[in-house]
Amino acid sequence: MLGYSFSDYRNKGIHAFDGMVVRSARRTALCNNLQARLFPFGKFTFFEGSELCEWSQALEPEKGFFESDCHYQDGTKIFSKGFIHPELNIYAIQKTFYNVKHSNTFTYDVKLCGYNAEISQYMNILYVEKREGVCCIGFKMYGMDVFTGEIHFFVDKEYTIQPTDNGARISFEASNEEKVTFYYYLEDDFEGVDFRHALKEYKQKIDELCYCGLLKECEKHFGNFYSLGYVKTADETLNSIYKTSLYSVKSNCTKYSIAVGFNNGSWDGRYFAFDEYTSYLGLLGANRLELAKRVPLYRLNKCLDTAIRRASDCHRNPETEDMARFHWETGENDNFELAPDGNWLDHVFHIPLVGIGAFHYFEYSGDMDFLKECYKMIRACSKFITKH
């Protein structure tokens, strides 16, 4: 995620807009106060060789890419443009070097590390090697699920790699006005995925399309997303906020629902029925029905059975069997409560929103078949809140 301040850039040596933390939806163990936090899949640290003195950054939400312009004390300027492919686990960034007085050596660190020691202890680097021109970092994660995978990283020119304690260092030379492109992609065997086969397909895609082709796919994807409808006012600032908000909600949509966020916070990657309802209404109002539908489907297919069991007594009598009490914080599979102890565990106001949200989808889409599918959930929510 792009959540670094200028002081972070200076203190951590994160230059040329590469303070990006690659996040994962895989969860740590439900122990040691981790409460199923997300694993961060590392970060990039780019070093130019001198101190950063000025920088700017911008997001192009309608095209899905970001840009940065960094000026260094030795006069070097580096312009960066990057994106994450909307459908594949590929991150690409292209840098253009200016005012480089002679061929200069630059370094790029790929670090697989947690944001604290507790999480790092559940992450193992198995090997770092250069294979067919690609830097490969093998890893194993010990969380709510144990899974193995690889991070692949390469530059479109000659480079060297050096293993580090928690990743690898890439070194390369660049001259004035030269463009250098970096590709980072990863996969693991979670849910039975053949990660080696998937990584080969990613590499074939990169070789076939290269940076410009991948960028065109990204721009087309986001162009189609924004063409579904928009609001335009006389206030350009308000228009910019609207576009960025759409981008933000889309970025926080997973294949399950809308996460609170993916920052290094206590709630990262969690699903709150109350919070997701707010973003859900935004998607409905913006005519992004395909994304919005994930929210009631997640509650129906992943959470409802657990919610009914929680609201029913051990004898499953007629007065309780159709009630639904949803957890306060949930993960990809709602098997148990992810929230720590606190008075929020007594909250019930999120429960009617689950039922109301499903009905709202019908109001916006007119999908009667979906309403019939959700009727059991709507009724169970209504029954619980009526009796409590």
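Each value, and the rule that gives it
- Residues numbered from 1 in each chain as written.
- Predicted model: local features only at pLDDT ≥ 70, side-chain atom pairs only at ≥ 80, totals over all residues.
- Heavy atoms only, no water.
- Phe/Tyr/Trp six-rings, centres within 6.5 Å; stacked < 30°, edge-to-face > 60°.
- Helix = DSSP H or I, 4+ residues; strand = E, 2+ residues; numbered from the N terminus.
- Buried < 20%, exposed > 50% of the residue type's maximum accessible area, 1.4 Å probe, protein only.
- Lys NZ or Arg CZ within 6 Å of the ring centre and 35° of its normal.
- 1 Å grid on protein atoms, 1.4 Å probe; cavity = no way out; pocket = protein on both sides within 12 Å on 5 of 7 lines; lining within 4 Å.
- Points joined across faces, edges and corners; volume = space filled by probe spheres on them.
- Nonpolar A, V, L, I, M, F, W, Y, C, P; charged D, E, K, R; others polar.
- Contact = heavy atoms within 4.5 Å.
- Expected span 1.5 Å × (residues − 1).
- Bend = angle between axes of the 7 residues up to and from the residue.
- Core = buried A, V, L, I, M, F, W, Y, C linked by side-chain atoms within 4.5 Å.
- Polar contact = N/O pair within 3.5 Å; in protein donor to acceptor, adjacent residues only side chain to side chain.

1. Quick look at the packing of aromatic side chains
(1) Moving on: Inspection of the entire model under this criterion finds 23 aromatic pairs.
(2) Moving on: Ring centres of Phe 154 and Tyr 185 lie 6.5 Å apart, and the angle between their planes is 85°; on these two criteria the pair is classed as edge-to-face. Taken as a pair, Phe 154 in strand β10 (residues 146-155) and Tyr 185 in strand β13 (residues 179-188) lie far apart in primary sequence, 31 residues in all.
(3) Moving on: Among the residues examined, Phe 154 registers a relative accessible area of 9% and is labelled buried.
(4) Moving on: Take Tyr 185: its relative accessible area is 1%, and that puts it in the buried class.
(5) Moving on: Each ring, one from Tyr 185 and one from Tyr 202, has its centre 6.3 Å from the other, and the planes form 90°; the classification is edge-to-face. On the criterion of sequence distance, the pair formed by Tyr 185 in strand β13 and Tyr 202 in helix α3 (residues 195-226) is long-range, its members being 17 residues apart. As far as the burial class goes, Tyr 185 and Tyr 202 line up, both buried.
(6) Moving on: The rings of Phe 97, Phe 106, Tyr 108, Phe 153, Phe 172, Phe 182 and Tyr 184 are connected pair by pair, giving a single aromatic cluster.
(7) Moving on: The ring of Phe 65 carries Lys 81 above its face, with NZ or CZ at 4.2 Å from the centroid.
(8) Moving on: Above the face of the Phe 222 ring, Lys 250 is positioned so that its terminal group lies 5.4 Å from the ring centre.

2. Section: the layout of surface pockets
(1) Moving on: The space that makes up the second largest pocket amounts to roughly 280 Å³.
(2) Moving on: In terms of lining, the second largest pocket is formed by Arg 131, Glu 132, Val 134, Cys 136, Glu 150, His 152, Tyr 185, Arg 196, Leu 199, Lys 200, Lys 203 and Gln 204.
(3) Moving on: Counting residues per element, the ones that place at least two in the lining of the second largest pocket are β9 (134-142), β10 and α3.
(4) Moving on: Here the lining of the second largest pocket is built from residues that sort into 4 nonpolar, 2 polar and 6 charged.

3. Regarding the environment of Ala 307
(1) Moving on: Note that Ala 307 resides in helix α7 (residues 294-311).
(2) Moving on: Overall, Ala 307 belongs to the buried group, its relative accessible area being 0%.
(3) Moving on: Spatially, the C-alpha atoms of Ala 307 and Ala 380 are 9.1 Å apart, while their sequence positions differ by 73 residues.
(4) Moving on: Residues in contact with Ala 307, not counting those within four places in the same chain, are Met 323, Ala 324, Arg 325 and Phe 326.

4. Observations concerning α3
(1) Moving on: With 32 residues, α3 should cover 46 Å at 1.5 Å per step; its first-to-last C-alpha distance of 32 Å lies more than 12% under that length.
(2) Moving on: Taken as a whole, α3 carries its principal kink of about 95° at Cys 210.

5. What about the nonpolar core?
(1) Moving on: Phe 97, Phe 172, Phe 326 and Met 377 are the most contacted members of the largest nonpolar core, which totals 99 residues.
(2) Moving on: Here this core takes 11 residues from α3, the largest share from any one element.

6. Re the environment of Tyr 211
(1) Moving on: Tracing the backbone through its elements, the reader meets Tyr 211 in helix α3.
(2) Moving on: Using a relative accessible area of 5% as the deciding quantity, one classes Tyr 211 as buried.
(3) Moving on: Spatially, the C-alpha atoms of Tyr 211 and Thr 181 are 7.3 Å apart, while their sequence positions differ by 30 residues.
(4) Moving on: Ignoring any residue separated from it by four or fewer positions in sequence, one finds Tyr 211 in contact with Lys 81, Gly 82, Phe 83, Ala 92, Ile 93, Gln 94, Thr 181 and Tyr 183.
(5) Moving on: There is a polar contact of 2.8 Å between the side chain of Tyr 211 and the backbone oxygen of Lys 81.

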